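Commentary on secondary and tertiary structure
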Amino acid sequence: MACQHLNHLTSENIIPKANYPTFRCEECTRINGRWVHLRICQDCGQMLCCDSSENQHARRHYEATGHTVISSAELGEQWLWCFADEQMKSY
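With that settled, consider the sheet that holds strand β1 (residues 38–41). Here five strands make up an open sheet; going across it, the order is β2-β1-β3-β4-β5 and the pairing antiparallel. Strands with a single pairing partner mark the edges of an open sheet, and in this sheet they are β2 (47–49) and β5 (87–90). Pairwise comparison of adjacent strand axes, ignoring direction, gives a mean angle of 35 degrees for this sheet. When strand β4 (residues 79–82) meets β5, the two strands line up antiparallel, connected through four bridges. Paired with Trp79 across the bridge in β5 is Ser90. Across the sheet, helix α3 (residues 57–65) lies against β1, β2 and β3 (69–72), angled at about 115 degrees from β2, the strand it touches most.

All told, the structure shown has two salt bridges when counted by the stated rule. A salt bridge links Glu27 to Arg30; its shortest N-O distance comes to 2.6 Å. Linking Glu27 with Arg30, this pair stays in helix α2 (residues 26–31), spanning three residues, or about one helical turn. Classification of Glu27 as partly exposed rests on a relative accessible area of 23%. A salt bridge links Arg59 to Asp51; the nearest nitrogen and oxygen atoms lie 2.7 Å apart.

Rules and cut-offs
- The residue numbers shown here count from 1 along each chain, following its written sequence.
- Local features in this predicted model are restricted to residues whose pLDDT is 70 or higher, and side-chain atom pairs enter the listing and the counts only when it is 80 or higher, whereas totals over whole chains, interfaces and linings include all residues.
- Side-chain descriptors were evaluated using all non-hydrogen atoms of the structure, hydrogens and water having been removed beforehand.
- At least two bridges found by DSSP between two strands is the condition for calling them paired.
- Numbering of helices and strands runs from the N terminus, with a helix taken as a DSSP run of H or I at least four residues long and a strand as a DSSP run of E at least two residues long.
- A fitted line through C-alpha atoms represents every axis, and for helices the fit uses only the stretch in contact; the resulting angles, taken between N-to-C directions, go from 0 to 180 degrees.
- It only takes one pair of heavy atoms within 4.5 Å for two residues to be counted as in contact.
- Throughout this description, the term salt bridge denotes a Lys or Arg side-chain nitrogen within 4 Å of a carboxyl oxygen of Asp or Glu.
- The buried label applies to any residue whose accessible area, calculated with a 1.4 Å probe on protein chains only, is under 20% of its type's maximum; exposed applies above 50%, and partly exposed to all values in between.

Written out as structure tokens, the structure reads:
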């Protein structure tokens, strides 16, 4: 079944990496933590760390807010992930 959360997002309407002058996990920076990879919440634009990071701030953000879709903030990667439906989409 197709993910409704991902269906409406395209390369034309996602929050792009280019909007960020500095790449960092906002929460890790606040607590002096470390991250592995970065993700961008497509609902509010927060840049947070991935599930491979110790604190998993992107997942915690989803659990706290219900913001379902993240994009990779990594250069050269163009994909979206929906936490709710556990589905991925390239753009």
